[in-house]
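Chains, contacts and geometry: an overview
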Amino acid sequence: MAESSPTSTKARKSRRNSIDNNPPSMSSSSGPLTEELQCSICLDVFTDPVTTSCGHNFCKTCLNKCWDNSQTCNCPYCKETFKIRPDLKINTTLRELVDHYKKKSPEKKPEVLCDICEEGKLKALKSCLVCQSSYCETHLYPHLKVAGLKKHKLINPVRNLEDYICQKHERPLELFCRDDQTCVCPMCAVKDHKNHNTVPIEEESEEKKTQLMKTQKDVQQMIQDRIKKIQEVKHSAEIRKRNTEKEKAARVKLFTDLIRSIERCQTELLEMMEEQQKAAEKQEEELIEELEQEITELKMRNTELEQLSHTEDHLHLLQIYSSLCSSRNTRNWSEISVKTDESLETVRRALTQLQDTLQEKLTQTVSTDLKRMQQYEVDVTLDPDTAHPNLILSDDGKQVRCGDKRQKLPDNPERFDRYSNVLGKEGFSSGRFYFEVQVKEKTDWTLGVASEFIDRKGEITLRPSDGFWTVVLRNGNEYEAFADSLVSLCLRVKPQWVGVFVDYEEGLVSFYDVASSSYIYSFTGQSFTGKLYPFFSPELNYGGKNSTPLIITPVIQ
């Protein structure tokens, strides 16, 4: 063992007492590190801060390194590109703030005191790994002058000297075993690590530093990648926000126009009804007036006839008989009737016109929505690993029909085993997507989307609570939506192509009749988890009556 100081035992005891009485404290700063004084590249307090023309701050060295390793000069934070590499000038105001911060919040390092000083312990200048003690400048003097002590290994003062000494041989840990990846003393190298690849600890440390620098560079690159990704996400969010605002504005305009059209038609209808009512009342008044006048005349004639029937003036009777008995120019009231249904017919025509107008407006609105949704078209291909054994898929994975015989297929966990269902290959866990399916000439089908967590085996219920959002056709003309309770749908025409649109974040699944640009049904306010997969069922072929396949078709604008 190397020669030791005669005072080493006493020094070690003193040092242990010093440690017991002065436990080491963790390094901390007196103030928080604010983002305003932090470089987004190295994530540390600025050193020689510089400001780009876009207003962001970086360490001068950090920014120069970024630009040296890039073909273009852009801001690492907002990605603004500079055609000419800027001549970086130190931001003196920011540097003064940084200096003030560093002075106010210096990094506190634990002090190591001399183990030999009896009273008024001085700050240690070096620690000896052989003596296992720390010395101030005065007590370090023997190690600098005495030949035997000059051989001892001195290091910068540390509090945890035991960590630098081999606990088995009480020798300094001067070597590093690369085979066992551990620090060893010379005795360990000879005995326990014989024939191992051992190198001086300084040499291994320098190599590790090189690796750390490389790792640090990788970490810095990861930081840059994540900063870039944050900007991409923010940019995408901003674009999405702008597009959403545009869509909202367009939707508001469409429905505002529709409401105005309804109000205008309603006003016109009410005015027309009022005019019809006034015309009918006038006609009734004129008829009553004319009837009352004729009644008066007829009463007068009746009186005359009554008087003449009892007259003795035979000559006068014969003279006026012909005029009294001749037909008068009066209306044939039997042919005149009050047409009470004319106004009703007018109302019916007006209502029909209003409905036609509303339908036209609604068609225009749905058509606009449909065109917007078709922009989110995705390429859907059927997944044969999920298909029920009775289903027959086309080679390109775009068509599916139900056969009569059960095929021999592996019963993998993804496959439906009771109902003739199949899923699309690709699932979606965010954003919007749209696809169209040809359903013409079929009497039964089921379409929609399904969660990745649905049951595939045994009894299945197509409810949202079970992970299904579907619309179905049964018996050729019965359309239903499988909500938590069954919803019957009344469609004007029989759909030939059905469009399915999903907005994951909005919790929306909508179905459209593509050919007539009409709305079928929507599931709204849903909460999705995991991936959603396009869901198809051609249903049973019922002896060939429903043998036509479901066909995934591309969008035709």
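Residues numbered from 1 in each chain as written. Predicted model: local features only at pLDDT ≥ 70, side-chain atom pairs only at ≥ 80, totals over all residues. Heavy atoms only, no water.

**Looking at the overall build of the protein chain**
Assigned secondary structure in the protein chain consists of nine helices and 23 strands. Working note: accessible area of the protein chain is about 35300 Å², and carbon and sulfur atoms make up 51% of it. (Helix = DSSP H or I, 4+ residues; strand = E, 2+ residues; numbered from the N terminus. Areas by Shrake-Rupley, 256 points an atom, 1.4 Å probe, with all protein chains shown as cover.)

**Observations concerning the pairing of strand β17 (residues 478-482)**
Consecutive side chains along a regular strand alternate between the two faces of the sheet. Burial runs high along β17: four of the five residues are buried. Note: strand β16 (residues 468-474) against β17, four bridges, orientation antiparallel. Bridge pairing in β17 links R474 to E478. Across four bridges, β17 lies against strand β18 (residues 486-489) in antiparallel orientation. Bridging across to β18, F482 finds its partner in L486. What sits between the antiparallel neighbours β17 and β18 is a turn of three residues. (Buried < 20%, exposed > 50% of the residue type's maximum accessible area, 1.4 Å probe, protein only. Pairing = 2+ DSSP bridges.)

**Details of unusual backbone geometry**
The residue Q132 is not glycine, and still its phi comes out positive at about 55°. Relative to the elements of secondary structure, Q132 occurs in the loop between β5 (126-128) and β6 (133-135).

**Concerning the pattern of salt bridges**
One pass over the full model with this rule turns up 19 salt bridges. In this structure, K89 and D87 form a salt bridge, with 3.4 Å as the shortest nitrogen-oxygen distance. Exposure remark for K89: the relative accessible area of 59% places this residue in the exposed category. A residue is classified by how much of its surface remains accessible, and D87, at 60% relative accessible area, is exposed. One salt bridge connects R178 with E207, and the closest N-O pair in it is separated by 2.9 Å. Of this pair, R178 sits in the loop between β8 (175-177) and β9 (182-184) while E207 sits in helix α7 (residues 201-308), and the two are 29 residues apart along the sequence. Each of R178, E203, E204, E207 and K208 takes part in salt bridges that share partners, so that together they form one network. (Salt bridge = Lys/Arg side-chain N within 4 Å of Asp/Glu carboxyl O.)

**Remarks on a negative patch on the surface**
The grouping of E268, E271, E274, E275, E281, E284, E285, E286, E289 and E292 at the surface amounts to a negative patch. Along the polypeptide, E274 turns up in helix α7. Residue E274 is classed as partly exposed on the basis of its relative accessible area, which comes to 43%. (Patch = residues over 30% accessible without salt bridge, like charges linked within 9 Å, V, L, I, M, F, W, Y side chains within 5 Å. Lys, Arg positive; Asp, Glu negative; His and termini not counted. Charge placed at Lys NZ, Arg CZ, Asp CG, Glu CD.)

**Some thoughts on the sheet that holds β17**
Strand order across the open sheet formed by six strands is β13-β22-β15-β16-β17-β18, with antiparallel pairing between neighbours. Both outer strands of the open sheet, β13 (422-423) and β18, are each paired with one neighbouring strand and no more. Sheet topology places strand β15 (residues 445-451) next to β16; six bridges connect them, and they run antiparallel. Residue pairing in the sheet places L447 in a bridge with V471 of β16.

**Observations regarding the nonpolar core**
Of all hydrophobic cores here, the largest spans 36 residues; its most connected members are W445, V509 and F536. Ignoring any residue separated from it by four or fewer positions in sequence, one finds W445 in contact with V439, V471, V472, L473, R474, Y479, V498, S537, E539 and L550. C39, V45, C75 and V98 belong to the second-largest nonpolar core, a separate cluster that totals 18 residues. (Core = buried A, V, L, I, M, F, W, Y, C linked by side-chain atoms within 4.5 Å. Contact = heavy atoms within 4.5 Å.)

**Some words on the packing of aromatic side chains**
If you walk through the whole model with that rule in mind, you get twelve aromatic pairs. Ring geometry for Y504 versus F528: centroids 5.4 Å apart, planes at 50°, classification tilted. One end of the pair, Y504, is in the loop between β19 (497-503) and β20 (508-513); the other, F528, is in the loop between β21 (518-523) and β22 (532-537), and 24 residues separate them in sequence. Given the relative accessible area of 11%, Y504 is considered buried. (Phe/Tyr/Trp six-rings, centres within 6.5 Å; stacked < 30°, edge-to-face > 60°.)

**As for the pairing of β20**
Burial of β20 is extensive: six of the six residues sit out of reach of the surface. Residues of β20 alternate between two faces, with L508, S510 and Y512 on one and V509, F511 and D513 on the opposite face, all of them buried. Two strands pair when backbone bridges link them, and β19 and β20 are joined in this way by six bridges, in the antiparallel orientation. In the sheet register, V500 faces β20, and the bridge partner there is F511. Counted along the chain from β19 to the antiparallel partner β20, the turn is four residues long, and its residue G507 has a positive phi close to 65°. Two elements, β20 and β21, share five bridges in a ladder whose sense is antiparallel. Note that in β21 the partner of S510 across the bridge is S522.

**So, the side chain of T52**
If you trace the backbone, T52 turns up in the loop between β1 (49-51) and β2 (57-59). With relative accessibility at 7%, the residue T52 sits in the buried group. Residues within four places of T52 in sequence aside, it is in contact with F58, L63, C75 and F82.

**With respect to helix α3 (residues 92-104)**
The periodicity of an α-helix, 3.6 residues per turn, causes residues three or four positions apart to be oriented the same way. If you check α3, its first and last C-alpha atoms are 18 Å apart, about what 13 residues at 1.5 Å a residue would give, namely 18 Å. At the N-terminal end of α3, a side-chain oxygen is found 3.3 Å from the backbone nitrogen of T93, two or three residues along, and the residue is N91. (Expected span 1.5 Å × (residues − 1). Polar contact = N/O pair within 3.5 Å; in protein donor to acceptor, adjacent residues only side chain to side chain.)

**Digging into the environment of E36**
Along the chain, the position of E36 falls in the loop between α1 (8-21) and β1. Along the backbone, E36 and N57 are 21 residues apart, and their C-alpha atoms lie at a distance of 8.7 Å.

**Notes on the environment of S510**
Of note, S510 is situated in strand β20. Residue class for S510 comes out buried when judged on its relative accessible area of 2%. Along the chain, S510 and T524 lie 14 residues apart, while their C-alpha atoms are 8.3 Å from each other. Not counting residues up to four positions away in its chain, the partners in contact with S510 are G499, V500, F501, Y521 and S522. Within the local environment of S510, its side chain forms a polar contact with the side chain of S522, the two groups lying 2.6 Å apart.

**A few points about the state of the cysteines**
Considering all chains together, one arrives at zero disulfides under this definition. Left unpaired, C62 is separated from the closest cysteine sulfur, that of C42, by 3.8 Å. This cysteine, C114, is not joined by any disulfide, and C117 carries the nearest cysteine sulfur, 3.7 Å off. On the basis of relative accessible area, C114 is assigned to the buried category, the value being 0%. (Disulfide = S-S within 2.5 Å.)

**Describing the sheet that holds strand β7 (residues 154-155)**
Taken in spatial order, the three strands line up as β6-β5-β7 in an open sheet, and their pairing is antiparallel. Taken across any chain shown, the strands that pair with only one partner, and hence form the sheet edges, are β6 and β7. Lying over the sheet, helix α4 (residues 137-145) contacts β5, β6 and β7, oriented at roughly 110° with respect to β6. (Axes fitted to C-alpha atoms, helices over the stretch in contact; angles between N-to-C directions.)

By themselves, these observations are geometric and do not establish any function.
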